[in-house]
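This is what each chain is made of:
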Number of protein chains: 2
Amino acid sequence: MKKFYLLTPGPTPVPHKVRQAEAQPIIHHRTKEYAEIFREVSEDLKTVFKTSNAVLTFAASGTGAMEGAVANTLSPGDRALVVKGGKFAERWAEICEAYGVEVVPIDIEWGDFVSPETIKEHLDRDPGIKEVFTTLCETSTGTLNPIKEIGEIIKNREGTLLTVDAISGLGACDIEVDKWNVDICVAGSQKGLMLPPGLAFASVSEKAWKFIDNSKLPQYYFDFKKAKKSLEKGQTPYTPAVSLTIALKNALDMIKEEGIGNVLNRHQKLADATRAAVKVLGLELLSKKPANAVTAVKVPEGIDGVELVDTLDKKYGIRVAGGQAHLKGKIFRIAHLGYMDRFDIITVIAGLEMTLSDLGYKVEIGKGVKAAEEILKDL
Amino acid sequence: MKKFYLLTPGPTPVPHKVRQAEAQPIIHHRTKEYAEIFREVSEDLKTVFKTSNAVLTFAASGTGAMEGAVANTLSPGDRALVVKGGKFAERWAEICEAYGVEVVPIDIEWGDFVSPETIKEHLDRDPGIKEVFTTLCETSTGTLNPIKEIGEIIKNREGTLLTVDAISGLGACDIEVDKWNVDICVAGSQKGLMLPPGLAFASVSEKAWKFIDNSKLPQYYFDFKKAKKSLEKGQTPYTPAVSLTIALKNALDMIKEEGIGNVLNRHQKLADATRAAVKVLGLELLSKKPANAVTAVKVPEGIDGVELVDTLDKKYGIRVAGGQAHLKGKIFRIAHLGYMDRFDIITVIAGLEMTLSDLGYKVEIGKGVKAAEEILKDL
């Protein structure tokens, strides 16, 4: 008998109660009943985003709302500053390019984070830059960007928006959308929100709505204005993903019950324990500023990273993520994200120790677990 | 005690087995296990679409794939012939306009269908029209368009595509995508496919791929080329709606077991019975060519259509759809679409008789049910 443990940075495990909610008989969306639920989740999302502005919901994965952020705010030929340094950061550049928006890139090494000073220099040099695109937690490297500090730089520049991909970060790494001056914050359902994939979210600031009024790029399904207008009636412009929205209500109820502060503290502890454990096993973190959603670990010399991830999966039933793009085989990524508690971390660290031992890496069995346990007993 | 009966043209009831499949613990999408399931559903969709070409799947509602059809095939300033005559037909025009595509409209009365001859005249007069957009079943009026005949007109015109919104039609009204020369056929999950909303589909012909190679409109999330390339590896470019895809596998298994021919015959009988029943009650159909997915019925003189729909819902637990736009209050729509059998029709007709009687319409109780039953006993 072998159970299955999912510790990837999306999809993340979905609580039983949320899955059961998803499986309820379908209801019609153009009803008072649905409108009440949708209004309630839209309000509760504001608490998670820490914003007083509307949070829009789309039936799509997070990338759809990222595309919406670009297509709703900019015009052909506009310039955008894009922080690179990871697979998802680079997606902002790809979307901008697809829409004829000129990308001014900030190239940073994968695993590094952007310096707010660099962003300031770019904006001082080129005040025509209309939008800065970056990532809260870069999933491919497990790296946190200093969103608060970037927000400080942008808040008084009337001509520039700050748009953040918080898809894997929201609910794990703190983000205070309003206080930190984030104009558009994009999220997805299958991460900290403990749902299956299929819903995308975007909060939109007052400043961003002014840009949206002047944008000339085409868009239809991800039309932010229409979505906001419909939301006022508890609706979406097009048929919503009803079962996922019902599930979202249940997931948000769980978050409310735990309290968003406690949710973030839990992620902090789970992340601390994971980092401490891999370090005492002699492994190195990839990231210069590790995020609380996912820990990227360098595969030690002489070990095949693909084999490590496969062994953990096939022999022990524990699924973590490998490296992407040029980091394939060179890192593995352990998520501590969403519906996870201390024993998920104990499990993955124990499995990692067994796997490293299988692959001939000199490991003291139990040492990582001990380090994690010492942190996790006070969760 | 009052049960709830959903007879709207989307969402439609989701079978228990399919809902339970949706509620299974989530699996990761970048795995062999998921790729096998996604490959299998993509193959099975071909049987439903009656095509040998790839059917692409998106995490979105059907409108997303409609937008994709426009944005992937056309360029700014192109001309498109759009058949109007209903809320969803008009959506094609809205999308084209959002993308700077010039719309040549064919205005027909709501409830009427397009004459293939009219399309021929337009194309003969203006051979520069690059795409014809129409609807298999217009949900807002319950009307079937003659797609086969339109396909005959377009098949030898190398410079023109035929793109059909079959969102509410697929699985209820026959469409033979390849034989009828349909270049792009769009569908959604929450209709004949018996799923919750949240998945959109598009089949794409060889001829359409050539247009896609030359298209200059921007798109990213609904990029057909990327979707096709990923599908070859059993994947999607962006995170798929995993739980809905697993549910889709189960729904398609049910369709395979019944056989697509039997599925279509069942819809024919359910539609025939519904039409016969409302007619013997003295009511009139809106549509000049009623579709097998949904029957639109004119509200009789002296009766308030909104009250009729509300009474059916609140007093009897039966939810049908009202009229949209200028038909609000003037028609009601009974769906016979997806996971429905003969007794769903008996139920709705019985409920309708009771409601009409409540509202003071002269009705012989049981007369409509008898007419339906006579057709349905031979289903």
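What you see is a predicted model; the values in this text were computed from it and never measured.

Attention now goes to the overall build of chain A. In terms of helices and strands, chain A carries 13 helices and 14 strands. In terms of C-alpha radius of gyration, chain A reaches 21 Å, essentially the compact-globule figure of 21 Å for 379 residues. Counting only C-alpha atoms, chain A reaches 60 × 55 × 35 Å along its principal axes. Classification of the 379 residues of chain A by burial places 58% in the buried group. Long-range pairs, those at least 24 residues apart, make up 72% of the contacts in chain A between residues at least 6 apart in sequence.

Let us now look at the nonpolar core. If you look at the biggest cluster of nonpolar residues, it comprises 260 residues, and the most contacted ones within it are Cys185(A), Val186(A), Cys185(B) and Val186(B). When near neighbours in sequence (up to four residues on either side) are disregarded, Cys185(A) contacts Phe49(A), Val164(A), Ala166(A), Ile175(A), Val177(A), Ala202(A) and Ser203(A).

All names here are of chain A. In terms of domains, chain A is made up of domain 1 (5-10 + 259-376) and domain 2 (16-257). Just the C-alpha atoms count here: the centres of domain 1 and domain 2 sit 28 Å apart. Listed per partner, the contact involves 24 residues of domain 1 and 25 residues of domain 2. Of all the secondary-structure elements, those providing two or more residues to the side of domain 1 that touches domain 2 are helix 10 (260-280) and strand 11 (294-298). The greatest single-element share of the side of domain 1 that touches domain 2, amounting to four residues, is contributed by helix 10. Grouping the constituent residues of the side of domain 1 that touches domain 2 by class yields 14 nonpolar, seven polar and three charged.

What follows covers the sheet that holds strand 10 (residues 199-204) of chain B. Backbone hydrogen bonds hold the strands of a sheet together, and the pairing may be parallel or antiparallel. Residues and elements named next belong to chain B. Read from one edge to the other, the open sheet built from seven strands follows the order 2-10-9-8-5-3-4, with strand pairing classed as mixed. Pairing within the sheet leaves two strands with one partner each, and these edge strands are strand 2 (55-59) and strand 4 (102-106). Taken pair by pair, the neighbouring strands of this sheet meet at an average axis angle of 20°, ignoring direction. In the packing of helix 4 (residues 87-98) onto the sheet, the strands contacted are strand 3 (79-83), strand 4, strand 5 (131-135) and strand 8 (161-165), and the crossing angle to strand 3 comes to about 160°. Across the face of the sheet, helix 5 (residues 116-125) comes into contact with strand 3, strand 4 and strand 5 while running at roughly 145° to strand 4.

The next point concerns helix 9 (residues 242-258) of chain B. The end-to-end C-alpha separation of helix 9 of chain B is 25 Å, in line with the 24 Å expected for 17 residues at 1.5 Å each. Looking at helix 9 of chain B, one finds that the buried residues are Val242(B), Ser243(B), Leu244(B), Thr245(B), Ile246(B), Ala247(B), Leu248(B), Asn250(B), Ala251(B), Leu252(B) and Ile255(B). Close packing links the buried residues of helix 9 of chain B with helix 1 (16-22) of chain A together with helix 1 (16-22), helix 2 (32-49), strand 10 and helix 10 (260-280) of chain B. Count one or two residues on from helix 9 of chain B and you reach Gly259(B), which has phi positive near 90°.

A word on helix 12 (residues 342-358) of chain B. Because an α-helix completes one turn every 3.6 residues, residues spaced three or four positions apart along the sequence face the same direction. Residues and elements named next belong to chain B. In a regular helix each residue adds 1.5 Å, so 17 residues correspond to 24 Å; helix 12 covers 25 Å between its end C-alpha atoms and thus fits that length. Where helix 12 is concerned, the buried positions are Asp344, Ile345, Val348, Ile349, Gly351, Leu352, Glu353, Thr355 and Leu356. Taken together, the buried residues of helix 12 touch strand 1 (5-6), helix 10, helix 11 (305-314), strand 12 (318-319), strand 14 (331-335) and helix 13 (367-376).

Right, let's talk about the environment of Asn250(A) for a bit. All names here are of chain A. Its place among the elements puts Asn250 in helix 9 (residues 242-258). We classify Asn250 as buried; it has 20 C-beta atoms within 10 Å. For the pair Asn250 and Gly338, spaced 88 residues apart in sequence, the C-alpha separation works out to 14 Å. Once residues lying within four places of it in the same chain are set aside, the contact partners of Asn250 are Lys17, Val18 and Ala21.

Once that is clear, we can look at the interface of chain A and chain B. Interface size is often expressed as the accessible area that is lost when the parts come together. Tallying the contact residues gives 39 residues for chain A and 39 residues for chain B. For the side of chain A that touches chain B, the secondary structure elements donating two or more residues are helix 1, helix 3 (62-73), helix 4 (87-98) and helix 9 of chain A. Partitioning the side of chain A that touches chain B into residue classes produces 21 nonpolar, 13 polar and five charged.

All names here are of chain B. Taken together, the three strands give an open sheet; going across it, the order is 11-14-13, and neighbouring strands pair in antiparallel fashion. At either end of the open sheet lies a strand with only one pairing partner, and these are strand 11 (294-298) and strand 13 (321-322). Bridge count for strand 13 against strand 14 is two bridges, and the pairing is antiparallel. Within strand 14, the position partnered with Gly322 by the bridge is Phe332. Against the sheet, helix 11 contacts strand 13 and strand 14, and its axis sits at roughly 35° relative to strand 14.

Here the focus is the environment of Thr347(B). Along the chain, the position of Thr347(B) falls in helix 12. Taking the C-alpha atoms as reference, Thr347(B) lies 8.4 Å from Val369(B); in sequence the two are 22 residues apart.

Residues and elements named next belong to chain B. Remark: helix 2 packs on helix 9, axes separated minimally by 9 Å, with the N-to-C direction vectors making an angle of 45°. The angle between the axes of helix 2 and helix 9 places the two elements in the oblique class. Crossing geometry of helix 2 relative to helix 9 is assigned as left-handed. Here Tyr34, Ile37, Phe38, Glu40, Val41, Asp44 and Val48 of helix 2 lie close against helix 9, whose contacting residues are Val242, Thr245, Ile246, Leu248, Lys249, Leu252, Ile255 and Lys256. Classifying every residue of the contact of helix 2 with helix 9 gives ten nonpolar, one polar and four charged.

With that settled, the discussion passes to the relation of the copies chain A and chain B. Rotating chain A by 180° about the axis while translating it 0.0 Å along that axis superimposes it on chain B, leaving an RMSD of 0.0 Å. Given the turn and translation reported, the copies of this chain are related as if by a two-fold rotation axis. Rotation axis and chain A: the residue whose C-alpha lies nearest the axis is Ala60(A), separated from it by 2.4 Å. Residue by residue, 97% of the interface of chain A is reproduced at the interface of chain B, so both copies engage with the same surface.

With that settled, the discussion passes to the pairing of strand 2 (residues 55-59) of chain A. Residues and elements named next belong to chain A. In terms of residue burial, strand 2 counts as a mostly covered element, since five of its five residues are buried. Residues Val55, Thr57 and Ala59 line one face of strand 2 and the alternating positions Leu56 and Phe58 line the opposite face, and both faces are buried. For strand 2 and strand 10 (residues 199-204), the ladder comprises five bridges, and the chain directions are antiparallel. Pairing of Leu56 across the sheet is with Ala202, part of strand 10.

About the cut-offs
- Residues numbered from 1 in each chain as written.
- Chains lettered and ligands numbered in written order.
- Predicted model: local features only at pLDDT ≥ 70, side-chain atom pairs only at ≥ 80, totals over all residues.
- Helix = DSSP H or I, 4+ residues; strand = E, 2+ residues; numbered from the N terminus.
- Rg over C-alpha atoms; globule rule 2.2 N^0.38 Å.
- Buried ≥ 20, exposed ≤ 12 C-beta atoms within 10 Å, placed from the backbone.
- Contact = placed C-beta atoms within 7 Å.
- Core = buried A, V, L, I, M, F, W, Y, C linked by C-beta atoms within 7 Å.
- Domains from an automatic or database assignment.
- Nonpolar A, V, L, I, M, F, W, Y, C, P; charged D, E, K, R; others polar.
- Pairing = 2+ DSSP bridges.
- Axes fitted to C-alpha atoms, helices over the stretch in contact; angles between N-to-C directions.
- Expected span 1.5 Å × (residues − 1).
- Parallel < 35°, antiparallel > 145°, perpendicular 65-115°, else oblique.
- Left-handed = near helix turned anticlockwise from the far one by under 90°.
- Least-squares fit on C-alpha atoms with pLDDT ≥ 70 in both.

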